[in-house]
Amino acid sequence: MKTQRRQRVRGDAPRWSVLLVEDEDIDRITVARALESAPETLRVDVTRTLAGARQALGEHAYDCALIDIGLPDGRGLALLAEHPSIAKIVLTGHDDAALARAARRAGADGYLVKQGVGAPALIAAIRDAVGRREGRALAQPAGAQPSLADLADTLHRELARVG
């Protein structure tokens, strides 16, 4: 399975390596462009399938994976438990609280609905998910308040870690 690599070049080493798993052309292009606008330098690999994602994850070390749920050869949720060391964000067209909870229970560090998610929210989600995986809390943007769901998820993870 072929994986496409994109990297914004500024002379800096990439801060994070990101795998984008998305089969829909318009969504893949939109998300890739949003990632290219990040203030951080990112290495972004792109694949369209579950098999391609598994291959890429087996061949490269990633900091974060952005995973669509519906892929042509399977459900993206299958990847959540397979690679516990990297941050994983579900990127989907389904604005469904029950599905978001199921994704979190399955190992997702974040859940974003594609419609309306802009570059700042996408980059903030990656920054937050990678930071949590690295074991450090990252500051909220000025004036931002964590949601109750985020606080509950943080509490659950911390209790599981110490318990």
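Refer to the structure above for everything that follows.
If you're wondering where the values come from, they're calculated on a predicted model, not measured in any experiment.

As for helix H1 (residues 25-36)
The terminal C-alpha atoms of H1, which comprises 12 residues, lie 16 Å apart, in line with the 16 Å expected from a rise of 1.5 Å per residue. Residues of H1 that are buried include every one of Arg28, Val31, Ala32, Ala34 and Leu35, and no others. Down the axis of H1, the buried set is contained in an arc of 160°. They therefore lie on one face. Along H1, exposed side chains directed more than 90 degrees from the buried face belong to Ile26 and Arg33.

Structural notes on the pairing of strand E7 (residues 87-92)
The element E7 is extensively covered by neighbouring structure, given that six of its six residues are classed as buried. Residues Ala87, Ile89 and Leu91 line one face of E7 and the alternating positions Lys88, Val90 and Thr92 line the opposite face, and both faces are buried. In the sheet, strand E4 (residues 64-67) pairs with E7 via four bridges, with the strands oriented parallel. If you follow Cys64 over to E7, its bridge partner there is Ala87. Summarising the sheet, E7 and strand E8 (residues 110-113) pair through four bridges and their orientation is parallel. Paired with Thr92 across the two strands is Val113, which belongs to E8.

Some words on the packing of H1 against helix H4 (residues 119-133)
Remark: H1 packs on H4, axes separated minimally by 9 Å, with the N-to-C direction vectors making an angle of 75°. By the angle between their directions, the pair H1 and H4 is classed as roughly perpendicular. Side by side, H1 and H4 meet where Val31, Ala34 and Leu35 of the first sit next to Ala119, Leu122, Ile123 and Ile126 of the second. Residue classes in the contact of H1 with H4 are distributed as seven nonpolar, no polar and no charged.

Some remarks on H4
The terminal C-alpha atoms of H4 lie 21 Å apart, and with 15 residues this matches the ideal 21 Å at 1.5 Å per residue to within 8%. Gly135 sits one or two residues past H4 and shows a positive phi near 80°.

Focus on the side chain of Thr49
Structurally, Thr49 can be placed in the loop between strand E3 (42-47) and helix H2 (50-59). The exposure class of Thr49 is buried, given its relative accessible area of 12%. There is a polar contact of 2.8 Å between the side chain of Thr49 and the backbone nitrogen of Gly52.

With respect to the nonpolar core
If you look at the biggest cluster of nonpolar residues, it comprises 22 residues, and the most contacted ones within it are Leu35, Cys64, Leu66, Ile89 and Ile126. Every element with two or more residues in this core is listed here: strand E2 (16-21), H1, E3, E4, E7 and H4. Considering each element in turn, this core owes the most residues, six residues, to H4. Among residues more than four places away in sequence, those in contact with Leu35 are Val18, Leu42, Val44, Leu66, Leu122, Ile123 and Ile126. By size, the runner-up hydrophobic cluster in this structure holds 20 residues, among which are Leu19, Val21, Ile86 and Ala100.

Rules of the game
Residues numbered from 1 in each chain as written. Predicted model: local features only at pLDDT ≥ 70, side-chain atom pairs only at ≥ 80, totals over all residues. Heavy atoms only, no water. Helix = DSSP H or I, 4+ residues; strand = E, 2+ residues; numbered from the N terminus. Expected span 1.5 Å × (residues − 1). Buried < 20%, exposed > 50% of the residue type's maximum accessible area, 1.4 Å probe, protein only. Arc of directions from axis to C-beta. Pairing = 2+ DSSP bridges. Axes fitted to C-alpha atoms, helices over the stretch in contact; angles between N-to-C directions. Parallel < 35°, antiparallel > 145°, perpendicular 65-115°, else oblique. Contact = heavy atoms within 4.5 Å. Nonpolar A, V, L, I, M, F, W, Y, C, P; charged D, E, K, R; others polar. Polar contact = N/O pair within 3.5 Å; in protein donor to acceptor, adjacent residues only side chain to side chain. Core = buried A, V, L, I, M, F, W, Y, C linked by side-chain atoms within 4.5 Å.

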